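Residue strings, one per chain:
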Amino acid sequence: MKRLLGKLEVWEVPSIRPLVQAYRSYCEALVALLEAAAPHTILEAFARAEAESARWPFFHRDVLVFRTSALVATGNLEEARLSLRHMARLLDLFPSPWGAAHALRIEGMLTCFAGDWPHGRKLLEAAISTFDVALDMPDALLVKYTRAKFACVYEEPWGPAEFEALTAELERTGIRPPTLAKIGETSLRHKVARQQNDPTE
């Protein structure tokens, strides 16, 4: 990713400069995410990428997938819901099974954050099924990891064993546990605890 970013930084073709700048901002946001930068740094980078990619709807749609995920992980849930609705409108106009599966994943996470674990779990499992059918093993594993993390927070008896097994599977396949999960851990536990103590929140 950093090598690609380096190439984009020196790309000087005037006719496509705005597109190159948008991709550069997108790569900067992804690098910030992968390196677990401060939440405000990640969100500012994705906001810039979203604004600059708006002229290219397919690209814009994909930027929104990761920006919305980052909003969820950093606890900006209301903004994440707005971003998800924007993403859904783009998916209606410019369909993408990959994007639709991520929309299910994000909606599932938001639903779990809202305290509705049974419904949220079903949405996550729908995303897993979509990735499985597409033979997208990395994304399927990462959503299973997310489901297991929520299961641990909601104190499901099977949660810790599945989480441990999936952590080992990710390590075996060379996939790093999602940075978003690490960033969102504290936010997740606090939000769920508040929801359980005050269901009207």
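The following paragraphs examine the structure supplied in this document. It should be emphasised that the depicted structure is a prediction, and the values quoted were computed from it without experimental measurement. (Residues numbered from 1 in each chain as written. Predicted model: local features only at pLDDT ≥ 70, side-chain atom pairs only at ≥ 80, totals over all residues. Heavy atoms only, no water.)

Counting its regular elements, the protein contains ten helices and zero strands. In sequence order, the protein lays out its α and β elements as α-α-α-α-α-α-α-α-α-α. Pairs at least 24 residues apart make up 55% of the contacts formed inside the protein by residues separated by at least 6 positions. Surface summary for the protein: the accessible area is close to 10500 Å², and the carbon and sulfur share equals 59%. (Helix = DSSP H or I, 4+ residues; strand = E, 2+ residues; numbered from the N terminus. Contact = heavy atoms within 4.5 Å. Areas by Shrake-Rupley, 256 points an atom, 1.4 Å probe, with all protein chains shown as cover.)

Another point: unusual backbone geometry. If you check the backbone angles, Leu 135 has positive phi at about 60 degrees while not being a glycine. Looking at the secondary structure, you find Leu 135 in the loop between helix 7 (117-133) and helix 8 (137-153). Of note, the phi angle at Glu 155 is positive, near 60 degrees, even though the residue is not glycine. Inspection of the secondary structure puts Glu 155 in the loop between helix 8 and helix 9 (159-173). Look at Glu 155 and you get exposed, because its relative accessible area is 68%. (Buried < 20%, exposed > 50% of the residue type's maximum accessible area, 1.4 Å probe, protein only.)

Inspection of the entire model under this criterion finds nine salt bridges. In this structure, the salt-bridge partner of Arg 67 is Glu 50, at a minimum N-O distance of 2.6 Å. Separated by 17 residues along the polypeptide, Arg 67 in helix 4 (residues 57-73) and Glu 50 in helix 3 (residues 39-52) bring together distant segments of the chain. Of the residues examined, Arg 67 reaches a relative accessible area of 11% and is grouped as buried. Since its relative accessible area comes to 15%, Glu 50 is described here as buried. Across the pair Glu 79 and Arg 67 runs a salt bridge, and its minimum N-O distance is 2.7 Å. Of this pair, Glu 79 sits in helix 5 (residues 77-93) while Arg 67 is found in helix 4, placing the two residues twelve residues apart along the sequence. The exposure class of Glu 79 is partly exposed, given its relative accessible area of 35%. Through salt bridges with shared partners, one network takes in Arg 121, Glu 125, Arg 147 and Glu 162. (Salt bridge = Lys/Arg side-chain N within 4 Å of Asp/Glu carboxyl O.)

All right, on to the packing of aromatic side chains then. Under the criterion given, the structure shown has nine aromatic pairs. A ring pair is formed by Phe 66 and Trp 98, whose centres lie 6.2 Å apart and whose planes are at 45 degrees; its orientation type is tilted. Here the residue Phe 66 occupies a position in helix 4, and Trp 98 occupies one in helix 6 (residues 97-113), the gap between them amounting to 32 residues. Residue Phe 66 is classed as partly exposed on the basis of its relative accessible area, which comes to 25%. Under the relative-accessibility criterion, Trp 98 is labelled partly exposed at 28%. Taking 5.5 Å as the distance between ring centres and 10 degrees as the angle between the ring planes, the aromatic pair formed by Trp 117 and Tyr 154 counts as stacked. Here Trp 117 is found in helix 7, whereas its partner Tyr 154 is found in the loop between helix 8 and helix 9, with 37 residues between them in sequence. Looking at Trp 117, the relative accessible area reads 7%, which means it is buried. One aromatic cluster in this structure is built from Tyr 23, Tyr 26, Phe 59, Phe 66 and Trp 98. (Phe/Tyr/Trp six-rings, centres within 6.5 Å; stacked < 30°, edge-to-face > 60°.)

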